[in-house]
Amino acid sequence: MIDKESIKGIIVPIISPVDDNEDLDEVRLRKIVNHVIEDGVHGILAFGSNSEFYMFEDEEMFRGIDIILEETAGRVPVYFGIGAIRTRKCIQLAKEAAKRDIAGISVLSPMFIKPTDEALFNHFKAIADAVPDTAMLLYNNPGRCGYNIPKEIIAKLAIEVPNILGIKDSSGDISFLSEIIRLTRETGFRVLSGKDTIIFPSLCMGAVGSVASTANMFGPLVNGIYNEFAAGNFEKARDLQYKLNPIRVSQDAASFPAATKDMANIMGLDVGKSIRPTEGSKGKILEKMEEEMRLAELID
């Protein structure tokens, strides 16, 4: 199992490029893997939300993680995202992922349904228990799932389940995130922000890093927030956060998660189209994203 202290920094939910038939594009995937590593990310999350995990069959996801692991070649930790609703399905995916040299799994709370607190605890515990030698991160995303994982349940899992080592919190609520940190700080639980606009304030409250989709495109900027903070250069880290925020906020008008691929393509990374029914941005939405990237001097 990965050393808990190694879970830190900027972890990128890597883009999943596809070809014209919407099959995973191996050449482009290898290219983006090398791009984000060269830009300085501290880890890669395969098949997170911005990786469009919900668009792929199991076989293609495991083909994708194998490509990523081969291309990464141990340079940074690689995590595998799980977003299924049914507990049994999550366990199946976790067991298959655990056969590989991954740093851990990230498990999203079940979408569409709204389980009780006890059911949610049992769900996460069952998955973790099925792969006891594999690190597991919880993934809280109320904007997509319709509810927060209760902070008391997060703390209970952190205390009672040895291989649940941390959480990605995409609530965007700094008070909620700081409460998770407060409740789990004695356990060494690793809290990662899932909102690119609050990387700096999250670090100030005790988070150990962020899972940041903008690191696909703007690695030096996004990684710089963490690196400068870790070096004690707090004003520089804050200024980099202020530089990133208008760019990230401009994405909100786009159809999720099209903006990540839109911006990557504007940057010349050639990651292909979003997977239907999601379609790329057009008109004023795309123009606004380009404008903010230009104002930040990220494109000419």
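Residues numbered from 1 in each chain as written. Predicted model: local features only at pLDDT ≥ 70, side-chain atom pairs only at ≥ 80, totals over all residues. Heavy atoms only, no water.

- In the annotation of an unreviewed UniProt entry, the protein chain is listed under the name Dihydrodipicolinate synthase family protein and assigned to Fundicoccus culcitae.
- Check the Sequence similarities (unreviewed entry) section of the UniProt entry for the protein chain; it says "Belongs to the DapA family." (UniProt positions renumbered as here; feature names shortened; annotations may be inferred.)

### Describing the packing of aromatic side chains
Next up, step 1: This structure, assessed with the given rule, holds 6 aromatic pairs.
Next up, step 2: Relative to Y54, the ring of F53 lies with its centre 4.9 Å away and its plane at 70 degrees, an arrangement referred to as edge-to-face.
Next up, step 3: Its relative accessible area of 34% is what places Y54 among the partly exposed residues.
Next up, step 4: Judged by centre distance (5.9 Å) and plane angle (75 degrees), the ring pair of F200 and F229 falls under edge-to-face. Of this pair, F200 sits in helix α8 (residues 199-205) while F229 sits in helix α9 (residues 219-230); the two residues are 29 residues apart in sequence, bridging distant segments of the chain. With respect to class, F200 is no different from F229; both count as buried.
Next up, step 5: By way of ring pairs, the aromatic residues F47, F56, F62 and F80 are connected into one cluster.
Next up, step 6: R144 extends its terminal NZ or CZ atom over the ring of F256, reaching a point 3.9 Å from the ring centre. (Phe/Tyr/Trp six-rings, centres within 6.5 Å; stacked < 30°, edge-to-face > 60°. Buried < 20%, exposed > 50% of the residue type's maximum accessible area, 1.4 Å probe, protein only. Helix = DSSP H or I, 4+ residues; strand = E, 2+ residues; numbered from the N terminus. Lys NZ or Arg CZ within 6 Å of the ring centre and 35° of its normal.)

### Notes on helix α2 (residues 58-72)
Next up, step 1: Its 15 residues give α2 an end-to-end C-alpha distance of 21 Å, which sits within 8% of 21 Å, the value for a rise of 1.5 Å per residue.
Next up, step 2: Of the residues making up α2, those classed as buried are E60, M61, F62, G64, I65, I67, I68, L69, E71 and T72.
Next up, step 3: Where α2 is buried, its residues meet α1 (26-38), β2 (43-46), β3 (78-82) and α3 (87-98).
Next up, step 4: A73 sits one or two residues past α2 and shows a positive phi near 50 degrees. (Expected span 1.5 Å × (residues − 1). Contact = heavy atoms within 4.5 Å.)

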